[in-house]
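Below, each chain spelled out in residue letters.
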Amino acid sequence: MSALNQGPTGVSRLLSPQEIAVSAGDQAPFLRLPERTSVYADRALRLRQLAAGHAMRDFLLFVADLADAQHVLLQEMPALHLPDAVTLGEAAGSGRPPLPVEAVGLDPPWREVLRNLLRAIQPRLAASPALNVLHSLQAADDEHLDRQADRLLAGEMLGLDFGAAPLIAAALQVCWTHEVLEVQRRFGDVRPFGRVVDTTRCPCCGSRPTSSIVRIGDAAGYRYLHCSLCATQWHMVRIKCTHCESTKGIYYLQLEPIAGAATAATAAAPGAVQLECCDECDHYLKIVHMERDYQVEPVADDLASLTLDILVSDTGRHKHGVNLMLLFAEGDQ
């Protein structure tokens, strides 16, 4: 059992939002692109760590298996359509993401990625109810797959197959992660990715974040939002709402174990996973702290701390982020 308590901000001396913005803008790199060799491997490892003794053990292990398959697929991707230098320049000039999810039409090879993923994951689902979902996707025609993918990318819950959504999302994540890395490889000399008008959305693909992470190492103390689709991380100063960008009414909640009861409903170290809540717009987003648990991973730790979302949903607050591995119909969370 756990109690929901207001936690520390994690800032040793509370600077004004203006001071934070000035100092952070000068020192922190704005973007951290995913690493092809580790982004999904690290996620799988963390999910298995969190699964031990967790109430959601089976589901966390399923997502870990998906992440393993994503890692393998990302190493040998089919050719995908990429924007040219002119298109990238136009996006940069207008402050738009260069690989937007709302682009007209999905690149057909995404279905090849999905079907390869389904083949890779099938042996691990031999005794699972999810095997029926996998078989239905394998039998589905291209039109059905594209329609489901379009709904998922647009955030349209009506008509979305929630059972199949994690599998479809996993394939789309691999595609967009690959596209980001390929665009950077081909056009890195012209800096294809940069700041966009809507700072609450991914500057590469325009998706919502899953959560945010306070890093250690070369960006120690700086907060980055983690894209739910392409795994890019982009800098946003701390103590600032990730939805309305207000610096007023920001506070933090975290789970605390109750003395004599079971352990907290997250396997992360105490205080490593918090909710950053905003009184101005009634939205929140998870924030994970590497300095408190250096193995935290934004997607894995968001899933493993679902109890936080359930508890805060009773207060009427809305989640700014989205975890494509666990989607809810409107009003269900």
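No experiment lies behind these values; they were computed from the predicted model shown. (Residues numbered from 1 in each chain as written. Predicted model: local features only at pLDDT ≥ 70, side-chain atom pairs only at ≥ 80, totals over all residues. Heavy atoms only, no water.)

Student: Run through the pattern of salt bridges, naming residues and quoting values.
Tutor: Applying the stated criterion across every chain yields a total of 25 salt bridges. Linking E182 and R186 is a salt bridge whose minimum nitrogen-to-oxygen distance equals 3.6 Å. You can see E182 and its partner R186 sitting in helix α8 (residues 165–187), 4 residues apart, about one turn around the helix. Judged by relative accessible area, E182 falls into the buried class, the value being 12%. We note a salt bridge from R292 to E291, for which the minimum N-O separation is 3.9 Å. On the basis of relative accessibility, which here comes to 24%, the residue R292 falls in the partly exposed class. Connected via shared salt-bridge partners are R36, E182, R185 and R186. (Salt bridge = Lys/Arg side-chain N within 4 Å of Asp/Glu carboxyl O. Helix = DSSP H or I, 4+ residues; strand = E, 2+ residues; numbered from the N terminus. Buried < 20%, exposed > 50% of the residue type's maximum accessible area, 1.4 Å probe, protein only.)

Student: Please give an account of the side chain of H178 that cites residues and values.
Tutor: Along the chain, the position of H178 falls in helix α8. Given a relative accessible area of 9%, H178 falls into the buried group. Other than its neighbours up to four places away in sequence, H178 contacts R36, L74, M77, P78 and L80. (Contact = heavy atoms within 4.5 Å.)

Student: Could you give an account of the packing of helix α7 (residues 142–154) against α8, naming the residues involved and the relevant values?
Tutor: For the pair α7 and α8, interaxial distance at closest approach is 10 Å and the crossing angle is 75°. Comparing the axis directions of α7 and α8 gives the class roughly perpendicular. On α8, the residues that touch Q148, A149, L152 and L153 of α7 are A165, I168, A169, L172 and W176. Class assignment for the residues of the contact of α7 with α8 results in 8 nonpolar, 1 polar and no charged. (Axes fitted to C-alpha atoms, helices over the stretch in contact; angles between N-to-C directions. Parallel < 35°, antiparallel > 145°, perpendicular 65-115°, else oblique. Nonpolar A, V, L, I, M, F, W, Y, C, P; charged D, E, K, R; others polar.)

Student: Please give an account of unusual backbone geometry that cites residues and values.
Tutor: Positive phi, close to 50°, is recorded for R191, a residue that is not glycine. Looking at where R191 falls in the secondary structure, it is placed in the loop between α8 and β3 (209–214). A positive phi angle, near 70°, is found at E245, a position not held by glycine. Looking at where E245 falls in the secondary structure, it is placed in the loop between β5 (233–235) and β6 (250–257). Judged by its relative accessible area of 32%, E245 is partly exposed.

Student: Describe the packing of aromatic side chains, naming the residues involved and giving the relevant values.
Tutor: Within this structure, the stated rule accounts for 1 aromatic pair. Measuring from centroid to centroid gives 6.2 Å for F59 and F62, while their planes differ by 45°, and the two rings are tilted. Taken together, the residues span about one helical turn, with F59 and F62 both in helix α3 (residues 57–75) at a distance of 3 residues. The exposure class of F59 is partly exposed, given its relative accessible area of 23%. With relative accessibility at 15%, the residue F62 sits in the buried group. Between the NZ or CZ atom of R32 and the centre of the ring of Y224, over which it lies, the distance is 5.9 Å. Against the face of F30 rests R195, its NZ or CZ located 4.2 Å from the ring centre. (Phe/Tyr/Trp six-rings, centres within 6.5 Å; stacked < 30°, edge-to-face > 60°. Lys NZ or Arg CZ within 6 Å of the ring centre and 35° of its normal.)

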